Amino acid sequence: MKTYTNVKDLGDLQKAVQEALEVKKNRFAYKHLGENKTLLMVFFNSSLRTRLSTQKAGMNLGMNTIVLDVNQGAWKLETERGVIMDGDKSEHLLEAIPVMGSYCDLIGVRSFAGLQDKTFDYNETILNQFIEHSGKPVFSMEAATGHPLQAFADLITIEEHKRTARPKVVMTWAPHPRALPQAVPNSFADFMNEADVDFVITHPKGYELDEKFVRGARVEYDQMKALEGADFVYAKNWSAYRDPHYGQIINTDRNWTVGQRQMAVTNNAFFMHCLPVRRNMIVTDDVIESPQSLVIPEAANREISAQVVLKRMLETM
Ligand code: AN0
Ligand code: CP
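Keep in mind that what you see is a predicted model, and the values were worked out from it rather than measured.

1. Some remarks on the site of ligand 1
Part 1 of the reasoning: Taken together, Phe112, Glu142, His147, Leu180, Pro181, Lys236, Cys274 and Leu275 form the complete shell of residues around ligand 1.
Part 2 of the reasoning: Here glutamate 142 contributes a side-chain N or O atom positioned 2.6 Å from an oxygen atom of ligand 1.
Part 3 of the reasoning: A distance of 2.7 Å separates an oxygen atom of ligand 1 from a polar side-chain atom of lysine 236.
Part 4 of the reasoning: Starting from 330 Å² of accessible surface for ligand 1 in isolation, the protein chains cover 83%.
Part 5 of the reasoning: Of the residues that constitute the shell around ligand 1, the class distribution is 5 nonpolar, 1 polar and 2 charged.

2. Some words on the sheet that holds strand E3 (residues 64-69)
Part 1 of the reasoning: Taken in spatial order, the 5 strands make up an open sheet running E1-E7-E6-E2-E3, and their pairing is parallel. Pairing within the sheet leaves two strands with one partner each, and these edge strands are strand E1 (3-4) and E3.
Part 2 of the reasoning: Relative to strand E6 (residues 106-110), strand E2 (residues 38-43) runs parallel, the two sharing 5 bridges. The partner of leucine 40 across the bridge, within E6, is isoleucine 107.

3. Concerning the packing of helix H6 (residues 148-161) against helix H12 (residues 295-315)
Part 1 of the reasoning: Closest axis-to-axis distance for the H6/H12 pair is 8 Å, and the angle between their directions is 115 degrees. The interaxial crossing formed by H6 with H12 has right-handed handedness. Residues Leu149, Gln150, Phe152, Ala153, Asp154, Ile156, Thr157 and Glu160 of H6 touch H12, and the partners they reach there are Pro297, Glu298, Asn301, Arg302, Ile304, Ser305, Ala306, Val308 and Val309.
Part 2 of the reasoning: Residues of the contact of H6 with H12, tallied by class, amount to 9 nonpolar, 4 polar and 4 charged.

4. Some details on the site of ligand 2
Part 1 of the reasoning: Near ligand 2, the surroundings consist of Ser47, Leu48, Arg49, Thr50, Arg110, His147, Gln150, Cys274, Leu275 and Arg302.
Part 2 of the reasoning: Serine 47 places a polar side-chain atom, nitrogen or oxygen, 2.6 Å from an oxygen atom of ligand 2.
Part 3 of the reasoning: The protein chains hide 94% of the 250 Å² of surface that ligand 2 would expose on its own.
Part 4 of the reasoning: Here the residues of the shell around ligand 2 are counted per class, giving 3 nonpolar, 4 polar and 3 charged.

Thresholds applied
- Residues numbered from 1 in each chain as written.
- Chains lettered and ligands numbered in written order.
- Predicted model: local features only at pLDDT ≥ 70, side-chain atom pairs only at ≥ 80, totals over all residues.
- Heavy atoms only, no water.
- Near = heavy atom within 4 Å.
- Polar contact = N/O pair within 3.5 Å; in protein donor to acceptor, adjacent residues only side chain to side chain.
- Areas by Shrake-Rupley, 256 points an atom, 1.4 Å probe, with all protein chains shown as cover.
- Nonpolar A, V, L, I, M, F, W, Y, C, P; charged D, E, K, R; others polar.
- Pairing = 2+ DSSP bridges.
- Helix = DSSP H or I, 4+ residues; strand = E, 2+ residues; numbered from the N terminus.
- Axes fitted to C-alpha atoms, helices over the stretch in contact; angles between N-to-C directions.
- Left-handed = near helix turned anticlockwise from the far one by under 90°.
- Contact = heavy atoms within 4.5 Å.

Here it is, written out as structure tokens:
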């Protein structure tokens, strides 16, 4: 595997899940693969889970890890070509990337959507510059339009907990005080569309996601109707994708917060969220603390999804 930016990079998804379950049973069985190999993780944005789980996955594989927080201690980086650099940015990404590439064997990149320029974000301008100029295999640790390590961990979690062969999985928008990217819901939709599940998306009007990820999945604007009989409820906030409101908050309706009222119409559904989550905005305390909440095992599976991706990259080096 040379890049990991979306579900397609995993090939046969069922096989990838099986591999993940194998890795989970014996996570130190592949320690030889990473010997004398260096993983570089570059963060343009904050992280708790991605940082820890990916580093742990690398350690399970015997790798050494270097972490760079671009906004804390590194030079400020210009990302657009052609700019006269007379401002506060001391270095251009086009030099920084090959330099970073020279110190490692694999690069993970976290670079959220800026939510200002839809074309810049949806062209994955920063991630693609890493792919083009680093000379090393690159994987997304949440880039502008996707978070495939999260969605892979989500799928593993669903596989482990499903009670029927083809569970109903409902992704619901929920309110949030800050504008968030569409990366997590995009990737979750992308994965669910490839998985053997009955997938439904629910959100207020105006929150339609890019059709490239929705791929004709059922969209139901009535949240309660969408949730009827659900086996898994996947909550997430995102900002508007469609013009002219790209990157904006256009609804703050707390009736969409996932609480007992919503969970009551489901098939005793499991609750999922990628974390970090704002309680009583996205989900009520009682739902996230209930026995049906999978948020902790879901986060734990981030180590496994990262390990499968790193393992496959090491295997093809
Ligand atoms: C980020 C997002 O919604 O993309 C990261 C989630 C993994 N969340 C926040 O910034 C709160
Ligand atoms: N879910 C997730 O990616 O969490 P972090 O932003 O803490 O890495």
